Amino acid sequence: TQFEVNRGLPAPLLLEHFEQVGRDWVIRADLRSLIDFRVHNLMDSWTDIPSCDIVLLRNVLIYFTVDVKAQILTRLRKDVLRPGGALFLGSSETTIKLDDSYEREKYERTVLYRAPTGVDSND
C-alpha cells in the first residue's frame, strides 16, 4: 500500500523498483524474477533454505521465547545468511543480547542487522 512504501522507502527507489497496480505497489517483474519468496515454519527443518543475501523476518521473533529467538538468530547467521548479508526485523525486534554477532546498521529510517564478514562468522 502507499502507507507501507512511505515507511522508509525513498521515492526514487520506489519508482525505480516498483510499479503501481491500482492502489497498491508491486515489485517490478524483472526484479521479482530475481527474488525467491518463501514461507517457512522456523520450528521445522531448515534443510530447504538456501544461502541468502537478505532475510526479512519482520514481526516474527516476538512470538518466541528468548531462548528460541537466540537459536533462530544463530541458525540464520550460521546456516542461511551469507557473510555481510542483511537481516530485517520488525521495529520492536532486535538481535541485542540474543546474538551479538550481528552489526546493527541504520539506513535512513530503517534498521538492519548485518551478518559478520570475518572468518569466525560461523562461530
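Quick caveat, the model's predicted, so the values are computed rather than measured. (Residues numbered from 1 in each chain as written. Predicted model: local features only at pLDDT ≥ 70, side-chain atom pairs only at ≥ 80, totals over all residues. Heavy atoms only, no water.)

## Concerning the sheet that holds strand S4 (residues 81-89)
Ordered in space as S3-S4-S6-S5, the four strands form an open sheet in which the pairing is mixed. Each end of this open sheet is capped by a strand with a single partner; those strands are strand S3 (52-57) and strand S5 (103-107). Sheet twist, expressed as the mean angle between neighbouring strand axes with direction ignored, is 25 degrees. (Pairing = 2+ DSSP bridges. Helix = DSSP H or I, 4+ residues; strand = E, 2+ residues; numbered from the N terminus. Axes fitted to C-alpha atoms, helices over the stretch in contact; angles between N-to-C directions.)

## Things to note about the nonpolar core
By size, the foremost hydrophobic cluster in this structure holds 19 residues, and its most contacted members are Val 55, Leu 57, Ile 72, Leu 76, Leu 87 and Tyr 102. Listing elements by their share of this core, those giving two or more residues are S3, helix H4 (66-80) and S4. The greatest single-element share of this core, amounting to six residues, is contributed by H4. Excluding residues that lie within four positions of it along the chain, Ile 72 makes contacts with Leu 42, Trp 46, Leu 57, Leu 61 and Phe 64. (Core = buried A, V, L, I, M, F, W, Y, C linked by side-chain atoms within 4.5 Å. Buried < 20%, exposed > 50% of the residue type's maximum accessible area, 1.4 Å probe, protein only. Contact = heavy atoms within 4.5 Å.)

## A few points about the pattern of salt bridges
Note that side chains of opposite charge can pair when their charged atoms are close. On inspection of all chains with the given rule, the structure shows five salt bridges. The shortest N-O distance in the salt bridge between Arg 28 and Asp 30 comes to 2.4 Å. A relative accessible area of 43% means that Asp 30 is categorised as partly exposed. Asp 99 serves as the salt-bridge partner of Arg 77, at 2.9 Å between the closest nitrogen and oxygen. Of this pair, Arg 77 sits in helix H4 while Asp 99 sits in the loop between S4 and S5, and the two are 22 residues apart along the sequence. Accessibility classification places Arg 77 together with Asp 99 in one group, the buried group. (Salt bridge = Lys/Arg side-chain N within 4 Å of Asp/Glu carboxyl O.)

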